[in-house]
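# Commentary on secondary and tertiary structure
What follows is the residue order along each chain.
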Amino acid sequence: MMARTASGIDRVRVVAMANEPMHAQVRWRSTHQDMLHQVYVNGRLAGATGGRGDRSLLVALPSSPTRPLRVEVFAVPPGEAYVDFGDAAPEAQRGRVELVWLRRMGLPAAGAARVFASGGDGPVDYTSPVSEPLPIWPAWQAQGGFGMSRFGASDFGYDGSAAVGFGCGLFGEGPFGFDADAMRWVSEELADGVHRFAVTVTDACGSESAPAESEPVTVVRRAAALGALAVEAYDNAAGRLVIGIAAAK
């Protein structure tokens with residue numbers, strides 16, 4: 001399957017439709033004569049063109065009074081016009097980063113996880129954690145695995161009355177039961193750039209595990225909402241219009 005491509009596409013314009021609330025016409029220029037085009041809004045497939053020569057599309061817009069919309073156009077082979085590539089590649093995080101890891105039975109009963117960060121483009125700083133200690137097991141749980149109890153009579157495990165339950169965790173990423181459960185940590189607003197993170201686990205005796213480091217994460221903060229648009233200058237001879245943009249306070 002060929003992947004979508006944004007190469008060769010420029011002059012993307014989005015025009016709100018006065019007679020169609022929460023809709024916009026997206027126009028663009030493209031060098032791809034034998035391909036169709038997809039339009040994505042905030043990373044989700046909003047529509048696809050029906051002809052190879054089409055360079056515009058009417059799409060619906062989500063209601064977002066405080067967040068700017070991201071509109072992207074991609075070229076795809078005709079047979080893949082309605083294949084949603086929204087999750088095909090990781091996108092840049094916008095302001096915050098979420099770390100997720102499995103809560104496995106091998107982790108210490110009274111243990112706690114700590115998160116460290118690089119603070120920018122550089123190595124992880126292990127001198128000061130960026131999170132409070134995160135308890136791994138907030139309550140006693142004695143899960144053991146899949147198929148050791150009566151199916152339908154209890155949660156998965158030996159007699160898993162304390163299990164997270166079927167499909168409530170990371171289904172498909174680990175065995176049923178507590179290995180399907182997950183821990184999550186969300187960062188504060190971060191500066192634009194490349195960031196690195198690591199997680200360590202400390203047991204009740206204070207022994208600390210080796211750090212598990214993440215891949216570099218690119219952060220792009222959310223754009224500020226526009227406060228006002230004003231015409232600053234207009235050159236009739238050159239056909240040039242200058243518009244001033246004020247950021248919302």
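Quick summary incoming for the structure in this document. (Residues numbered from 1 in each chain as written. Predicted model: local features only at pLDDT ≥ 70, side-chain atom pairs only at ≥ 80, totals over all residues. Heavy atoms only, no water.)

Turning our eyes to something else, we now look at the environment of E20. With respect to the element layout, E20 can be found in the loop between strand 1 (9–16) and strand 2 (23–30). For the pair E20 and L58, spaced 38 residues apart in sequence, the C-alpha to C-alpha distance is 9.8 Å. (Helix = DSSP H or I, 4+ residues; strand = E, 2+ residues; numbered from the N terminus.)

Okay, unusual backbone geometry next. As a rule of thumb, non-glycine residues mostly have phi less than zero, and peptide bonds are mostly trans rather than cis. Phi is positive for R11, which is not a glycine, with a value near 50°. Among the structural elements, R11 can be located in strand 1. Here the phi dihedral of N42 falls at roughly 55°; this positive angle occurs in a residue that is not glycine. Here N42 lies in the loop between strand 3 (36–41) and strand 4 (44–48).

Another aspect to go through is the sheet that holds strand 3. Think of a sheet as strands paired side by side through backbone hydrogen bonds, with each pair either parallel or antiparallel. Read across the sheet, three strands follow the order 4-3-6 without closing on themselves; strand pairing throughout is antiparallel. Bordering the open sheet on either side are strand 4 and strand 6 (71–76), each of which pairs with just one other strand. When the angles between neighbouring strand axes are averaged without regard to direction, this sheet yields 30°. Where strand 3 and strand 4 come together, four bridges link them in antiparallel fashion. Following the sheet pairing, Y40 is matched in strand 4 by L45. (Pairing = 2+ DSSP bridges. Axes fitted to C-alpha atoms, helices over the stretch in contact; angles between N-to-C directions.)

On to the pairing of strand 1, then. For strand 1 and strand 2, the ladder comprises six bridges, and the chain directions are antiparallel. Directly across from I9, in strand 2, lies its bridge partner S30. Count of turn residues in the strand 1/strand 2 antiparallel hairpin: six residues, of which M22 carries a positive phi of about 60°.

Scanning all chains against the criterion turns up six salt bridges. R114 is the salt-bridge partner of E208, the closest N and O atoms lying 2.8 Å from each other. Taken together, the residues span a long stretch of sequence, with E208 in the loop between strand 12 (197–202) and strand 13 (212–213) and R114 in strand 8 (residues 112–117) at a distance of 94 residues. The network of salt bridges with shared partners includes R96, E188 and E189. (Salt bridge = Lys/Arg side-chain N within 4 Å of Asp/Glu carboxyl O.)

Here we come to the packing of aromatic side chains. Taken as a whole and judged by the stated rule, the model has three aromatic pairs. Consider the rings of Y40 and F74, whose centres lie 5.5 Å apart with planes at 85°: the pair is edge-to-face. Of this pair, Y40 sits in strand 3 while F74 sits in strand 6, placing them 34 residues apart in sequence. For the pair shown, Y40 and F74 are each scored as buried. (Phe/Tyr/Trp six-rings, centres within 6.5 Å; stacked < 30°, edge-to-face > 60°. Buried < 20%, exposed > 50% of the residue type's maximum accessible area, 1.4 Å probe, protein only.)

By the secondary structure assignment, H195 is in strand 11 (residues 193–195). A polar contact of 2.8 Å, which involves the side chain of H195, links it to the backbone oxygen of A191. Not counting chain neighbours up to four residues away, the residues in contact with H195 comprise S118, G119, G120, L190, E215, P216, V217 and V219. (Polar contact = N/O pair within 3.5 Å; in protein donor to acceptor, adjacent residues only side chain to side chain. Contact = heavy atoms within 4.5 Å.)

To continue, consider the sheet that holds strand 12. Read from one edge of the open sheet, four strands run 9-8-12-13, paired in antiparallel fashion. Edge positions in the sheet fall to strand 9 (134–135) and strand 13, since each has one partner strand and no second. Bridge count between strand 8 and strand 9: two bridges; the pairing is antiparallel. When the sheet's bridge partners are listed, A112 is paired in strand 9 with P135.

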